[in-house]
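Chain by chain, the residues run as shown.
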Amino acid sequence: MERTLLCGGRVLTPEGWRDDADVLCERGAIARIGRGLSDAGARRFDARDRIVAPGFIDVHVHGADGAMCEAGEEEGLRRISATLARFGVTGFLATLATILLAVMG
C-alpha cells in the first residue's frame, strides 16, 4: 500500500486551518490529519512553511499561457496544464468557444 506523510504544514480542513499538522495519505486519499503522525512505511515530505490544501478543479478553461484549448495541440495543452498547476489547479475541463454564424436572408 502506497503511503505518503506530509509533515508540519498549514493544513486546510473542513473545520478550518490547522497549523503544524501532518497529513497521512494512503493510495491517494487522506487517511489521517493530526500532529506528530508517524508511519515507518510512508514516503515523508517536509511541509513546514507550506500550505497543504486540496487541489482546485477548474470546470471552465479556454486556455492559459497564450495557448488555447480549441487548437487541440498537445504542446499547448501541456503549457495550459503547467500554468494552471502553478495556481493550485490539479484538474480542468477544456472548454471550447463556439462561433455562431447567422445567415440573414
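Predicted, not measured: the structure shown is a model, and the values here were computed from it.

Time to look at the pattern of salt bridges. Summed over all chains, the structure comprises seven salt bridges. Asp19 is the partner of Arg10 in a salt bridge, and the nearest nitrogen-oxygen pair spans 2.9 Å. Put simply, Arg78 and Glu74 hold a salt bridge, and the shortest N to O gap is 2.5 Å. One end of the pair is Arg78 and the other is Glu74, both in helix 1 (residues 74–85) and four residues apart, which spans about a single turn.

Right, let's talk about the environment of Gly55 for a bit. Note on placement: Gly55 falls in the loop between strand 5 (51–52) and strand 6 (56–61). For Gly55, a relative accessible area of 37% gives the class partly exposed. With 36 residues separating them in the primary sequence, Gly55 and Gly91 have C-alpha atoms 7.8 Å apart. Among residues more than four places away in sequence, those in contact with Gly55 are Gly88 and Thr90.

All right, on to the environment of Cys25 then. Along the chain, the position of Cys25 falls in strand 2 (residues 16–26). Taking C-alpha positions, Cys25 is 27 Å from Arg78, a pair spaced 53 residues apart along the chain.

Let us now look at the state of the cysteines. Under the definition given, this model contains zero disulfides. Distance from the sulfur of Cys7, which forms no disulfide, to the nearest cysteine sulfur (Cys25) is 11 Å. For Cys7, a relative accessible area of 13% translates into the label buried. Cys25 gets classed as buried once you look at its relative accessible area, which sits at 17%.

On to helix 1. Each turn of an α-helix holds 3.6 residues, which means side chains three or four residues apart point in the same direction. The first and last C-alpha atoms of helix 1 sit 16 Å apart over 12 residues, in line with the 16 Å expected at 1.5 Å per residue. Contacts made by the buried residues of helix 1 are with strand 6, strand 7 (63–64), strand 8 (67–68) and strand 9 (89–94).

One finds Val61, Ala64, Ala67, Cys69, Ile80, Leu84 and Val89 forming the largest nonpolar core, which totals seven residues. With sequence-adjacent residues up to four places away left out, Ala67 is seen in contact with His62, Gly76, Arg79 and Ile80. Val11, Ala21, Val23 and Val52 belong to the second-largest nonpolar core, a separate cluster that totals six residues.

What counts as what
- Residues numbered from 1 in each chain as written.
- Predicted model: local features only at pLDDT ≥ 70, side-chain atom pairs only at ≥ 80, totals over all residues.
- Heavy atoms only, no water.
- Salt bridge = Lys/Arg side-chain N within 4 Å of Asp/Glu carboxyl O.
- Helix = DSSP H or I, 4+ residues; strand = E, 2+ residues; numbered from the N terminus.
- Buried < 20%, exposed > 50% of the residue type's maximum accessible area, 1.4 Å probe, protein only.
- Contact = heavy atoms within 4.5 Å.
- Disulfide = S-S within 2.5 Å.
- Expected span 1.5 Å × (residues − 1).
- Core = buried A, V, L, I, M, F, W, Y, C linked by side-chain atoms within 4.5 Å.

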